[in-house]
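Listed below are the residues making up each chain.
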Amino acid sequence: QVQLVESGGGLVQPGGSLRLSCAASGSIFHIYGMGWYCQAPGKQRELVASITSGGSTNYADSVKGRFTISRDNAKNTVDLQMNSLKPEDTAVYYCNAAVSTGWGKLGDYWGQGTQVTVSS
């Protein structure tokens, strides 16, 4: 089994910064991809950024140039550096990982979410 735990959320003013972290633990053979999703009240969950084990990244258009995703394969962690935050970034942010737990075993796992609120 695999567990993902997020941290780093909180309340910040517009233009401020936050750094979200996610740590994966459990029966991990290999993590192929990791990503961050957000879900605002009344909206569907959306991809914010993703990164492969090889370091290839993908970002939502709304966060390009402001957010940076990174990962440490040795520690099974992924971070999201969030700069120039806007009120519309307010949402619950969820960590996601595509994890192999053994030969021929692949699953999709989610963290519990961490609240990010951008308000003056």
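Residues numbered from 1 in each chain as written. Predicted model: local features only at pLDDT ≥ 70, side-chain atom pairs only at ≥ 80, totals over all residues. Heavy atoms only, no water.

J.: Is there a simple way to think about the pairing of strand β3 (residues 18-26) in this case?
T.: A regular strand places its side chains on the two faces of the sheet in alternate fashion. Note that strand β1 (residues 2-7) and β3 share six bridges and pair antiparallel. Paired with Val 5 across the two strands is Ala 23, which belongs to β3. Examined bridge by bridge, β3 and strand β8 (residues 77-82) share six bridges and lie antiparallel to one another. Counted as the bridge partner of Ser 21 is Asp 79 from β8. (Pairing = 2+ DSSP bridges. Helix = DSSP H or I, 4+ residues; strand = E, 2+ residues; numbered from the N terminus.)

J.: Would you take a moment to explain the nonpolar core for this structure?
T.: Soluble globular proteins tend to bury their nonpolar side chains together. With 31 residues, the main nonpolar core has Trp 36, Val 48, Leu 80, Met 82 and Tyr 93 as its most contacted residues. Mapped onto this core, the elements with two or more residues apiece are β1, β3, β4 (30-39), β5 (46-52), β7 (67-72), β8, β9 (91-102) and β11 (114-118). With five residues, the single largest contributor to this core is β9. (Core = buried A, V, L, I, M, F, W, Y, C linked by side-chain atoms within 4.5 Å. Buried < 20%, exposed > 50% of the residue type's maximum accessible area, 1.4 Å probe, protein only.)

J.: I keep staring at the side chain of Asp 79 and nothing clicks. Help me out?
T.: Examined against the element boundaries, Asp 79 turns out to sit in strand β8. For Asp 79, a relative accessible area of 17% gives the class buried. Of note is the side chain of Asp 79, whose polar atom sits 3.1 Å from the side chain of Ser 21. (Polar contact = N/O pair within 3.5 Å; in protein donor to acceptor, adjacent residues only side chain to side chain.)

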